[in-house]
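Chains, contacts and geometry: an overview
Here is what each chain is made of, one letter per residue.
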Amino acid sequence: GGVSCPGWVLPSFSVIAGAQAACIRPSPVSNTTMTGTCTTTNPAGAGYRTGSDTGNVYNVVSSASVTGTTDGILFGRGTVFNNGAIVSSGFFGVIGINDAIVNNTGTITANGAQGTGVGALSFHVSNSGTITADGADGSGVRGGQSLSDLNNTGKIRASGRNGIRGPAGGGSAIRWALEGARGAP
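Residues numbered from 1 in each chain as written. Predicted model: local features only at pLDDT ≥ 70, side-chain atom pairs only at ≥ 80, totals over all residues. Heavy atoms only, no water.

**Some words on the overall build of the protein chain**
Across its full length, the protein chain carries 2 helices and 16 strands. Taken as a whole, the protein chain presents about 7800 Å² of accessible surface, with 54% of it coming from carbon and sulfur. (Helix = DSSP H or I, 4+ residues; strand = E, 2+ residues; numbered from the N terminus. Areas by Shrake-Rupley, 256 points an atom, 1.4 Å probe, with all protein chains shown as cover.)

Dropping the structure here:
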């Protein structure tokens, strides 16, 4: 994998054209704003970052894409502003292990068998773009036991039965509100 241009602009950090190491600061990186400006593919196992990163803001501009074989963008806690494309051929398009704030006007896609477009223990998603999970048991958006919220004026699609999914055994306010609205089984 690699970077087709100096794709992540980091404040106070020298970017050298064409050099992946100059574009992708090694993890952990915390409390930093990063802007993706081109195509980034699998530089850190995920499309971008690791679970030890916390407090970062990831801006993906409209002409940019982030692609990972396991996850698109991975972090412990963070905020994503996506106007481009975030793609995972494995598990998560965007995964915040503890907390994820996602503002999506672009596309977020998870193509794995149990892929999830956006997932976190607690998520706060504002979507006017498209979030898709194409796997047989995929989830467009998936939360854990903590309170999550979703403001959706775009499209959330899943090939499986779980367009929006809470944790196994219940506990997600979003899951129960949707099941009540459509008639819980």
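**Overview of the confidence of the model for the protein chain**
Taken over all residues, the pLDDT of the protein chain has a mean of 75, while the share at 70 or more is 69%. Here helix 1 (residues 20-23) is the element of the protein chain with the lowest mean pLDDT, 37, and strand 10 (residues 107-110) is the one with the highest, 96. Low pLDDT, under 50, characterises residues 1-5; the predicted model gives this stretch 16 contacts beyond four residues in sequence or across chains. Every residue in residues 12-24 scores below 50 in pLDDT, and together they form 28 contacts with partners more than four places removed in sequence or on other chains. (pLDDT = per-residue confidence, 0-100. Contact = heavy atoms within 4.5 Å.)

**What to know about the pairing of strand 10**
Bridge count between strand 8 (residues 85-88) and strand 10: 4 bridges; the pairing is parallel. For Ser88, the partnering residue across the bridge sits in strand 10 and is Ala110. In this sheet, strand 12 (residues 130-133) lies alongside strand 10 in parallel orientation, the contact comprising 4 bridges. Opposite Ile108, over in strand 12, you have Ile131 as the bridge partner. (Pairing = 2+ DSSP bridges.)

**Structural notes on the nonpolar core**
Ranked by internal contacts, the top residues of the largest apolar core, which has 21 residues, are Val94 and Val102. Among the secondary structure elements, those contributing two or more residues to this core are strand 5 (54-60), strand 7 (71-82), strand 9 (92-104) and strand 11 (116-127). With 4 residues, strand 11 is the single largest residue contributor to this core. Residues contacting Val94, with those up to four places away along its chain left out, are Ile73, Phe75, Val80, Ile86, Val102, Ile108, Gly117, Val118 and Gly119. (Core = buried A, V, L, I, M, F, W, Y, C linked by side-chain atoms within 4.5 Å. Buried < 20%, exposed > 50% of the residue type's maximum accessible area, 1.4 Å probe, protein only.)

**A few points about the environment of Met34**
Checked against the element boundaries, Met34 lands in strand 3 (residues 33-36). Assessed through its relative accessible area of 0%, Met34 is described here as buried. For the pair Met34 and Val60, spaced 26 residues apart in sequence, the C-alpha separation works out to 8.6 Å.

**Quick look at unusual backbone geometry**
One non-glycine residue with positive phi stands out, namely Asn31, at about 55 degrees. Note on placement: Asn31 falls in the loop between helix 1 and strand 3. On the accessibility criterion, Asn31 (64% relative accessible area) is exposed.

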